[in-house]
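Structural overview for review
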Amino acid sequence: MVDGQLFDKLEEIARILRRNDAPFGGIQLVLSGDFFQLPPVPNRNGDEIIPPTFAFDARTWNTCIDRPMILNRVFRQKDQTFVNLLNAMRFGKMENLEPFRALARTVEYTDGIKPTELLSRRDEVDRVNITRLNDLPGNCETYQAHDMAGLNSKNERISTQQMDKLLERLVVPKSIGLKVMLVKNLSQGRLVNGSTGQVVGFSTAFDAIQRHLEVAKLDINAPPPPELARSTQLWPVVKFVNGVEMLMVPQEFTINNADGGMEARRDQVHKSQGQTIERVKVDLKNTFEKGQAYVAISRATTMEHLQILNFHPSKVVAHPRVLQWYADFQEDDRVRRMEEEMDLEGAMEAYYN
């Protein structure tokens, strides 16, 4: 979530670099997001906590953003009843409680892949993950990430402690059964950020290719990179909920915040933003932030594969600043609603052809 201060800084930097006094240096902006989700993280000045500002609170917001639009089509959930319940929750309106209370029941899965559990606090997540890992049989293989420290918003090199928060090390017992979650998109529409699966074996990249097993981010018809083909390193083979089986070899990617996810079966609600999770178990007991319950529950794709523990309407709160902005936004005659569902594939094909 970009806060107001960062938005203003980026706008000023763009004007300076482009030597252009137009808003954002004349760069065309296309911004998307949902302010009803988790608010920006508060800033600190020593021991003083500075309340966060939303992007729409930026001094330059109105000069940069001309005509906002409301996107109404929901892609993650297909059940309109579920969509309506989530939309009411998004605004903090809990008039119909029974559907949520009914979701406290246990959901059984026959393939052995249990749901991803979303908890509110990092210490809860770490404690449960470590306990579960220690309960698994077999020796452990630690796959170390090779991290390079970047710069923060003040152009200062981030510390080792901050860098360690970006991405946890993936520890895989050399036995079958560990549940894992992707923290980046691998195959659009098939394996995305939040996809879950189970370790079903270990293999070198060469052996996997010989067996026509799909290797992460490799073209199955192309020869593997020499370093992978020669390597004797064993990597985990994961079978995902949707049936895809893939060898998980190292990936390079950039993390641009200090709140990365943990590759394990339990995750923190703050880290689940943007994820689509097929099987979800949400515990709202220690929910502490506005929008947190909505973010957690809306990760689910269906009510059939969603379980909610410790639900109470007091846990569902929308940020009052966002509610006020949205009310003003609705009254603004510049707003153009996108009521009709767009055929995205058709639009893309028409654009490029």
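Residues numbered from 1 in each chain as written. Predicted model: local features only at pLDDT ≥ 70, side-chain atom pairs only at ≥ 80, totals over all residues. Heavy atoms only, no water.

As for unusual backbone geometry
Note the cut-off: Only DSSP runs of H or I covering at least 4 residues are called helices, and only runs of E covering at least 2 are called strands; the numbering of each starts at the N terminus. Working definition: with a 1.4 Å probe on protein chains only, accessible area under 20% of the residue-type maximum means buried, over 50% means exposed, and in between means partly exposed.
Backbone geometry places H212, a non-glycine residue, at a positive phi of 60 degrees. When you line up the elements, H212 lands in the loop between α7 (205-210) and β9 (214-215). Of the residues examined, H212 reaches a relative accessible area of 65% and is grouped as exposed. Despite not being glycine, N310 shows a phi value in the positive range, around 55 degrees. Checked against the element boundaries, N310 lands in the loop between β14 (306-309) and α10 (320-331).

A few points about the pattern of salt bridges
Filter applied, for reference: The working definition used for a salt bridge is a side-chain nitrogen of Lys or Arg within 4 Å of a carboxyl oxygen of Asp or Glu.
According to the stated counting rule, one finds 9 salt bridges in the structure shown. The salt bridge involving D34 is made with R90; its shortest N-O contact spans 3.1 Å. Placement of the pair is D34 in the loop between α1 (4-18) and β1 (43-45) and R90 in helix α3 (residues 80-90), with a sequence separation of 56 residues. Residues D34 and R90 agree in their burial class; the two are buried.

Observations concerning the packing of aromatic side chains
Put simply, the test is: Centre distance within 6.5 Å is the pairing criterion for rings of Phe, Tyr and Trp, where only the six-membered ring of Trp is used; planes under 30 degrees apart are then read as stacked, over 60 as edge-to-face, and the remainder as tilted. Lysine NZ or arginine CZ positioned within 6 Å of the ring centre and within 35 degrees of the ring normal marks a charge as sitting over the ring.
Taken as a whole and judged by the stated rule, the model has 12 aromatic pairs. Ring geometry for F35 against W61: centres 6.2 Å apart, planes inclined by 70 degrees, an arrangement best described as edge-to-face. Of this pair, F35 sits in the loop between α1 and β1 while W61 sits in helix α2 (residues 61-64), placing them 26 residues apart in sequence. Given the relative accessible area of 10%, W61 is considered buried. Taking the centre distance of 5.1 Å and the plane angle of 80 degrees together, the rings of F35 and W325 count as edge-to-face. Of this pair, F35 sits in the loop between α1 and β1 while W325 sits in helix α10; the two residues are 290 residues apart in sequence, bridging distant segments of the chain. Comparing F35 with W325 shows no difference in burial state: the two are buried. Clustering of aromatic rings is evident, with ring pairs tying together F7, F24, F35, F54, F56, W61 and W325. Here the guanidinium or amino end of K93 rests over the ring plane of F91, the centre of that ring lying 5.7 Å away.

Description of the confidence of the model for the chain
Basically, it comes down to this: Per residue, pLDDT captures the predictor's confidence, and it can take any value from 0 to 100. By definition, residues are in contact when any of their heavy atoms lie within 4.5 Å.
Taken over all residues, the pLDDT of the chain has a mean of 80, while the share at 70 or more is 76%. A low-confidence stretch, residues 257-266 stays under pLDDT 50, and its non-local contacts, those more than four residues away or across chains, total 40 contacts. Counted against residues more than four places away or in other chains, residues 336-342, with its pLDDT under 50, gives 15 contacts.

Notes on the environment of W61
In this structure, the C-alpha to C-alpha distance between W61 and D8, residues 53 residues apart in sequence, is 8.0 Å. Not counting residues up to four positions away in its chain, the partners in contact with W61 are F7, L31, F35, A55 and F56.

Some words on α10
Count 3.6 residues to each turn of an α-helix, and residues three or four apart come out pointing the same way. So the rule is basically this: Here, expected helix span is obtained from the residue count minus one, scaled by 1.5 Å. Note: the arc covers the axis-to-C-beta directions of the helix.
With 12 residues, α10 should cover 16 Å at 1.5 Å per step; its first-to-last C-alpha distance of 17 Å lies within 8% of that length. When we look at burial in α10, the residues that qualify are V322, W325, Y326 and F329. All buried residues of α10 fall inside an arc of 100 degrees around its axis, so they share one side. Where α10 is buried, its residues meet β3 (69-71).

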